[in-house]
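Remarks on the overall topology
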Amino acid sequence: MGFVDIHQHVVYGVDDGPRSAEESLEMLRLAQRDGVTHIIATSHAYPAMEPFPAERYLRHLGVLRQACRDEGIAVSISAGCEIFYSDVAIRQLQERRIPTLADTSCVLVEFDPLTPWEGILDAVRKLSNRGYRTVVAHCERYQALYGRLEEIRRLRSEFPVAFQINANTIIGRLPRKVRKFRDGMLDGGLTDFIASDAHNCTSRPIRLAQAFAEIEKRFGASLARALFV
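Reading guide: rules and limits
Residues numbered from 1 in each chain as written. Predicted model: local features only at pLDDT ≥ 70, side-chain atom pairs only at ≥ 80, totals over all residues. Heavy atoms only, no water. Core = buried A, V, L, I, M, F, W, Y, C linked by side-chain atoms within 4.5 Å. Buried < 20%, exposed > 50% of the residue type's maximum accessible area, 1.4 Å probe, protein only. Helix = DSSP H or I, 4+ residues; strand = E, 2+ residues; numbered from the N terminus. Contact = heavy atoms within 4.5 Å. Salt bridge = Lys/Arg side-chain N within 4 Å of Asp/Glu carboxyl O.

1. Overview of the nonpolar core
Of all hydrophobic cores here, the largest spans 69 residues; its most connected members are Leu28, Leu145, Phe163 and Phe228. Considering each element in turn, this core owes the most residues, six residues, to helix H4 (residues 117-129). Contacts of leucine 28, omitting those with residues within four sequence positions, involve Val10, Ile39, Leu64, Cys68, Ile73, Val75 and Ile77.

In structure tokens:
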């Protein structure tokens, strides 16, 4: 089985990802070469700031699916989005104005990097109360989570919540405090997904194969498959 990338900005003309269909297709070609077989196309959604362009997103997603069939690119693409959390997001999710991850009850949620612990906890609780499982996007970015591994463990036991780390965080050079948090999340079994958060083919490309090799070397094949496949 290939990699499942649950966080990638591959749909063109919607957010700060690719600007053209050809750029999106090149991302998909690179994803296939990197070992990816399934992508959830998580364009940014800012419910409290602007409407999500659902019609354009779905139209461009359809173009990419057809292009994959035409070109023999063996990567399937599911709908989704990366939600910048606000209470407005819950209402829009229930109204189906913004998509969940691959039509499941899971939602990929990001926060301001300076959001306090109580804000993240409140979001997880409110989403859970409405039947959603929160997937915290690139959790290594939130300073409120640093030094709270036991609180994160309790949160996971009390609510349907998962934590995603970016591939670049596995293989890149990091400040000590970020590296310490990343290693604590991995060592403690608190990480659920490694994803690319790819936006293009150059400055923010997909690098899952390299990250997979690093996790496999450090933690073994079983954990690597659980995080990537």
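2. Comments concerning the pattern of salt bridges
Summed over the entire model, instances satisfying the criterion amount to 18 salt bridges. Here aspartate 197 makes a salt bridge to arginine 141, at a shortest N to O gap of 3.4 Å. Pair noted here: aspartate 197 is in the loop between strand S7 (193-195) and helix H8 (208-219) and arginine 141 is in the loop between strand S5 (133-136) and helix H5 (149-158), with a separation of 56 residues, a long-range link. Overall, arginine 141 belongs to the partly exposed group, its relative accessible area being 37%. In this structure, aspartate 192 and arginine 156 form a salt bridge, with 2.6 Å as the shortest nitrogen-oxygen distance. Placement of aspartate 192 in the loop between helix H7 (176-187) and S7 and of arginine 156 in helix H5 is noted, with a sequence separation of 36 residues between them. Owing to a relative accessible area of 17%, aspartate 192 belongs among the buried residues under this scheme. Taking the relative accessible area as the measure of exposure, arginine 156 reaches 24% and is therefore partly exposed. Here the salt bridges do not stand alone but share partners, grouping Glu22, Glu26, Arg29, Arg33 and Glu71 into one network.

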